[in-house]
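The primary structure of each chain is shown beneath.
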Amino acid sequence: MPSQRATGKFIDDCHHLPQTVYMFDEQGKQICDDILRTGDLPDSFNRLMIEHGYPARMPTERRLATADVCEGLGVASLTEATRQLLQEVYADDFRLLNYSMY
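Criteria and thresholds
Here, residues in each chain are numbered from 1, in the same order as that chain's written sequence. Reporting in this predicted model follows two pLDDT cut-offs: at least 70 for local features of residues, and 80 or more for side-chain atom pairs to be given and counted; totals over whole chains, interfaces and linings ignore these cut-offs and use all residues. Hydrogens and waters are ignored; side-chain quantities use all the structure's heavy atoms. For helices the rule is a DSSP run of H or I covering at least 4 residues; for strands it is a run of E covering at least 2, with both sets numbered from the N terminus onward. Note on definitions: a residue-residue contact is assigned when non-hydrogen atoms from the two residues lie within 4.5 Å. Residue-level accessible areas treat just the shown protein chains as cover; the underlying method is Shrake-Rupley with a 1.4 Å probe. Any Lys or Arg side-chain nitrogen found within 4 Å of a carboxyl oxygen on Asp or Glu counts as a salt bridge. Burial status follows relative accessibility: with a 1.4 Å probe on protein chains alone, a residue under 20% of its type maximum counts as buried, one over 50% as exposed, and anything between as partly exposed. The arc in question is the one spanned by the directions pointing from the helix axis to the C-beta atoms. Patches here: salt-bridge-free residues with over 30% relative accessible area, like charges joined within 9 Å, nonpolar side chains (Val, Leu, Ile, Met, Phe, Trp, Tyr) joined within 5 Å. For this analysis, a nonpolar core means a set of buried residues of the types Ala, Val, Leu, Ile, Met, Phe, Trp, Tyr and Cys, connected via side-chain atoms within 4.5 Å. We define a polar contact as two N or O atoms separated by no more than 3.5 Å, with the added condition that, inside protein, one atom must be a possible hydrogen donor and the other a possible acceptor, whereas residues neighbouring each other in sequence contribute only through side-chain atom pairs.

Q: Looking at this structure, how should I read the overall build of the protein?
A: What the protein contains, in helices and strands, is five helices and zero strands. For the protein, the sequential pattern of α-helices and β-strands runs α-α-α-α-α. Nonlocal contacts in the protein, meaning residues at least 24 apart in sequence, comprise 36% of its contacts between residues at least 6 apart. Looking at the protein as shown, the accessible area adds up to about 8000 Å², and 53% of this sits on carbon and sulfur atoms.

The following block contains the structure:
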């Protein structure tokens, strides 16, 4: 993340862009019809695909979840500087999507 400050938000093929960049225009108007929350997956995704008549489905089994690979890793594992940087870089995500780091 420190490199994002130095080089701009489009580093690493835009993998670090806030989610809201894809959901809201520069005036703050929502530009997509459906916003799916990570905690509601895969059910919300599968319902959306059914509603629109698409055959795509997200599997229900978890693969390589952080808890399986790095037991005990969570927000408490981050340094205060890292937490502050995440709050800064993803401020719009936290605010507009009603997410909390804690």
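Okay, back to it.
Q: Can you help me understand the pattern of salt bridges in this one?
A: Should the charged atoms of two oppositely charged side chains come close, the side chains can pair. Scanning the entire structure with this criterion turns up two salt bridges. For Glu80, the salt bridge is made with Arg83, and the minimal N-O distance between the two is 3.9 Å. One end of the pair, Glu80, and the other, Arg83, are both in helix H4 (residues 80-89), three residues apart, so they sit about a helical turn from each other. As a salt-bridge pair, Arg95 and Asp92 come within 3.0 Å of each other at their nearest N and O atoms. Remark: Asp92 and Arg95 occur in helix H5 (residues 91-96); sequence separation between them is three residues, near one turn of the helix. Overall, the relative accessible area of 57% leaves Arg95 in the exposed class.

Q: Mind showing me how you'd approach H4 here?
A: At 3.6 residues per turn, the α-helix brings residues three or four places apart onto the same side. All buried positions along H4 are accounted for by Arg83, Leu85, Leu86 and Val89. On an axial view of H4, the arc spanned by its buried residues comes to 160°, and they lie on one face.

Q: Please clarify how a nonpolar patch on the surface should be interpreted in this entry.
A: A cluster of nonpolar side chains, contributed by Leu36, Leu41 and Met58, occupies part of the molecular surface with about 200 Å² of accessible area. On the secondary structure map, Leu41 appears in the loop between helix H1 (2-7) and helix H2 (43-51).

Q: Please clarify how the nonpolar core should be interpreted in this entry.
A: Nonpolar side chains in soluble globular proteins tend to end up buried together. In this structure, Leu85, Leu86, Val89, Tyr90, Phe94 and Met101 together form the largest nonpolar core, which totals six residues. It is H4 that provides the largest number of residues to this core, a total of three residues.

Q: Sorry, what's going on with the side chain of Ser44 here?
A: Mapped onto the elements, Ser44 comes out in helix H2. A relative accessible area of 10% places Ser44 in the buried class. In this structure Ser44 touches Leu36 and Arg37, once residues within four positions along its chain are discounted.

Q: Even after reading the chapter, I still don't get the side chain of Arg83, so can you show me in this structure?
A: Given the relative accessible area of 16%, Arg83 is considered buried. Engagement of the side chain of Arg83 in a polar contact is seen with the backbone oxygen of Ala76, the distance being 3.4 Å.

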